[in-house]
Amino acid sequence: WFPAGFLVMAAFIGVFLAIGGFRYMKAKSVYDIKCYRIETTNAMAHDLKTPLTAISGYAENLLSQVQVDKREYYAKAIISNIEYMDQMIHDILELSKSEDERQTVSMENMELSEFVNEELGSFIHLIEDRGLSVSISGECSVKTDKRMMKSLIDNLLSNAVKYTEKGTVRLS
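Keep in mind the model is a prediction, meaning the values are calculated, not measured. (Residues numbered from 1 in each chain as written. Predicted model: local features only at pLDDT ≥ 70, side-chain atom pairs only at ≥ 80, totals over all residues. Heavy atoms only, no water.)

1. Section: the confidence of the model for the chain
Close inspection of predicted coordinates is inappropriate in any region flagged by low pLDDT. In plain terms, the rule: Confidence of the predictor in every single residue is expressed as pLDDT, which spans 0 to 100. Elements are defined by DSSP. Helices are runs of H or I of four residues or more, strands are runs of E of two residues or more, and each kind is numbered from the N terminus.
Model confidence for the chain is summarised by a mean pLDDT of 81, while 94% of its residues fall at 70 or above. Put simply, strand E4 (residues 168-171) is where the chain has its lowest mean pLDDT, 77, and strand E1 (residues 107-111) is where it has its highest, 86.

Given below as structure tokens:
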């Protein structure tokens, strides 16, 4: 009896330890996700406060009847900070969408170079205004969610065009 009882008791203990381990891992995972969200939210709030403070200062300067040449500088700085904040809010919303479990992903095959060429159309005026050229080379077929890929490509193209001072934006 003793050896059989001992084995049964050891099996029960093993099962309970395994169940406890799985529960711990799940609880830790949920805790880690909550910590990540809190840290990310705090960082984003901090990052949004900086341009808001700048906008507030520039607006106060505009109200104080400053010289005409400084008004233009302040107005441009306000617009620049608003664009920065708008991009941050867009990024926050994209992050939120990516974590939404109800979000459906529809995978389909697509030619990446053709898709990038299509998306370039919405940047053509900015490209021309900045005197840039765009070079696309290579072929790649991917299976992806077209909506998510559009967001990614638009973000990359926007940054490439916005931060390239002169010359060519190369995509290969």
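Still more ground to cover, so stick around.
2. With respect to the nonpolar core
Put simply, the rule reads: For our purposes a nonpolar core is just a set of buried Ala, Val, Leu, Ile, Met, Phe, Trp, Tyr and Cys residues, chained together by side-chain atoms within 4.5 Å. Note on classification: 1.4 Å probe, protein chains only; a residue is buried when its accessible area is under 20% of the maximum for its type, exposed when over 50%, partly exposed between these limits. Contacts are assigned to residue pairs that have any heavy atoms within 4.5 Å of one another.
By size, the foremost hydrophobic cluster in this structure holds 12 residues: Met110, Phe115, Val116, Leu120, Phe123, Ile127, Leu132, Met149, Ile153, Leu157, Val161 and Val169. Elements that contribute at least two residues to this core include exactly helix H3 (112-120) and helix H5 (146-163). Residue contributions to this core peak at 4 residues, all from H5. Phe123 has contacts with Asp154, Leu157 and Ser158, leaving out every residue within four places of it along the chain.

3. Overview of the packing of aromatic side chains
Put simply, the rule is: Aromatic rings from Phe, Tyr and Trp, taking only the six-membered ring of Trp, are treated as a pair when their centres fall within 6.5 Å; an angle between ring planes under 30 degrees marks them as stacked, one over 60 as edge-to-face, and anything in between as tilted.
Following the criterion strictly, the structure yields 4 aromatic pairs and no others. Between the aromatic rings of Phe12 and Phe16, the centroid separation amounts to 6.4 Å while the plane-to-plane angle is 20°, which identifies the pairing as stacked. With Phe12 and Phe16 both in helix H1 (residues 2-63), this residue pair falls 4 residues apart, about one helical turn. Exposure remark for Phe16: the relative accessible area of 56% places this residue in the exposed category. Residues Tyr58 and Tyr74 carry aromatic rings whose centres are separated by 5.6 Å and whose planes lie at 35° to one another, so their mutual orientation is tilted. Here Tyr74 lies in helix H2 (residues 68-99) and Tyr58 lies in helix H1, a separation of 16 residues in the sequence. You'll find Tyr58 and Tyr74 in the same group, each marked buried.

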